[in-house]
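# A structural walkthrough
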Amino acid sequence: MNEDEWLAQRFEEHRGRLRAVAYRMLGSLSEADDAVQEAWLRLSRHAGDTGRDEIDNLGAWLTTVVGRISLNLLRSRATRGEEPLDGRVPDPVVSPAAGGDPEHEALVADAVGLALLVVLDTLEPAERLAFVLHDMFALPFDDIAPIVGRTPAAARQLASRARRRVQGAAAVPDADLPRQREVVDAFMAASRSGDFEALVAVLDPDVVLRADYGAHLPSAVSGHLRGAEVVARQALLFSRYAGSARPAVVNGAAGMVTSPDGRVMSVMGFTIRGGRITEIDIVADPERLAALDIAP
């Protein structure tokens, strides 16, 4: 095995962790893949300039590189004003209803549901980085500090501030997947039958719906709604598509993929607490769905 092959093999050993770091930082699968690829290019250049033995801990080195790349991407988003006022819908990680996809399970381990990613989107970029790298990946603050240009003590404060906001905004969802599926199935059955009262009964009174329909937002629908009755009324607008919805696991939780005529039309992720749906996140933008490459 030559030098390049050895380096590529070592990098592949860390790829899954690096992709998970970038996904938690960015909420975008394509940007996460770009960040990982950029980390590989930087590693290749670094090894060519100084030799592979200059890196004592390759995993930590790569994690900080991906963190720095992700931080720059987040700051670039903010500069361009890309974040919608009501929060963006993160890219869903979609698996078959039976689960069993090790790559997907690793990507959304530690209960990284869509609800948590939405909360992470509300953090300042440096706060998000400090929280993700320390609380989720156990990187010491001595390593985080240079990335954000702060002292270790200041980096610790960033993570602490982020932690308080996450704990205050993201209550722990129900963990029982079969029970989640029962609740989601009840929601879909009520939608198919046009039963408004049954829809309201399965929704939390303060349920939030976030949806990305892309450039062709139907005039009769909204991309951000709150309240059981409001969300139920919008669900009835799409009841004709409920028959083509199939169960899926979306970010480790019960979800649905709607695919009329064999074409994926939407992915729905549900957050369930106390046996009721508290959040619904929908990606129905054809361009985003095509990029996610989801099987009908």
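Before reading on, note that the structure itself is shown above.
These figures come from a predicted structure and were not determined experimentally.

## A short note on the sheet that holds strand S6 (residues 266-273)
A sheet is described by the order of its strands in space; here seven strands give the open sequence S1-S4-S5-S6-S7-S2-S3, paired in mixed fashion. If you trace the sheet from one side to the other, it starts and ends with strand S1 (94-96) and strand S3 (224-226), each paired once. The average angle at which neighbouring strand axes cross in this sheet is 25°, direction not considered. In this sheet, S3 lies alongside strand S2 (residues 203-212) in antiparallel orientation, the contact comprising three bridges. Within the sheet, the bridge partner assigned to Arg210 lies in S3 and is His224. Along the sheet, helix H9 (residues 177-193) makes contact with S2, strand S4 (245-250), strand S5 (253-258), S6 and strand S7 (276-283), crossing S5 at roughly 40°. In this fold helix H11 (residues 228-237) packs onto S2, S3 and S7, with an angle of close to 50° to the strand it touches most, S2.

## Overview of the nonpolar core
Within the largest apolar cluster, 65 residues are counted, with the highest numbers of intra-cluster contacts made by Tyr23, Leu120, Leu129 and Ile144. In terms of residue count, the dominant contributor to this core is helix H1 (residues 3-26) (nine residues). For Tyr23, the contacting residues outside a window of four places in its chain are Ser28, Leu29, Ala32, Asp91, Pro92, Val93, Leu107, Val108, Leu114, Leu117 and Asn251. Counting residues in each nonpolar core, the second largest holds 28 residues, with Leu203, Ala211, Ala235 and Met256 among its members.

## Quick word on the environment of Val119
As for its placement among the helices and strands, Val119 is situated in helix H5 (residues 114-120). For Val119, a relative accessible area of 9% puts it in the buried group.

## Some details on the packing of aromatic side chains
Throughout the structure, instances matching the rule amount to four aromatic pairs. Each ring, one from Phe187 and one from Phe270, has its centre 5.6 Å from the other, and the planes form 65°; the classification is edge-to-face. Here Phe187 is found in helix H9, whereas its partner Phe270 is found in strand S6, with 83 residues between them in sequence. Considered together, Phe187 and Phe270 belong to a single accessibility category, that of buried residues. Ring centres 6.5 Å apart and planes at 35° place the aromatic pair Phe238 and Tyr241 in the tilted group.

## Considering helix H6 (residues 125-136)
Taking 1.5 Å per residue as the helical rise, H6 with its 12 residues ought to reach 16 Å, and the 16 Å between its terminal C-alpha atoms agrees with that figure. Most of H6 sits inside the fold, with 10 of its 12 residues counted as buried. When we look at burial in H6, the residues that qualify are Pro125, Ala126, Glu127, Arg128, Leu129, Ala130, Phe131, Val132, Leu133 and Met136. Residue Ala138 follows H6 closely and has a positive phi angle near 55°.

Here is what the cut-offs are and how they apply
- Residues numbered from 1 in each chain as written.
- Predicted model: local features only at pLDDT ≥ 70, side-chain atom pairs only at ≥ 80, totals over all residues.
- Heavy atoms only, no water.
- Pairing = 2+ DSSP bridges.
- Helix = DSSP H or I, 4+ residues; strand = E, 2+ residues; numbered from the N terminus.
- Axes fitted to C-alpha atoms, helices over the stretch in contact; angles between N-to-C directions.
- Contact = heavy atoms within 4.5 Å.
- Core = buried A, V, L, I, M, F, W, Y, C linked by side-chain atoms within 4.5 Å.
- Buried < 20%, exposed > 50% of the residue type's maximum accessible area, 1.4 Å probe, protein only.
- Phe/Tyr/Trp six-rings, centres within 6.5 Å; stacked < 30°, edge-to-face > 60°.
- Expected span 1.5 Å × (residues − 1).

Fair warning: the whole summary comes from geometry, so function is off the table for now.
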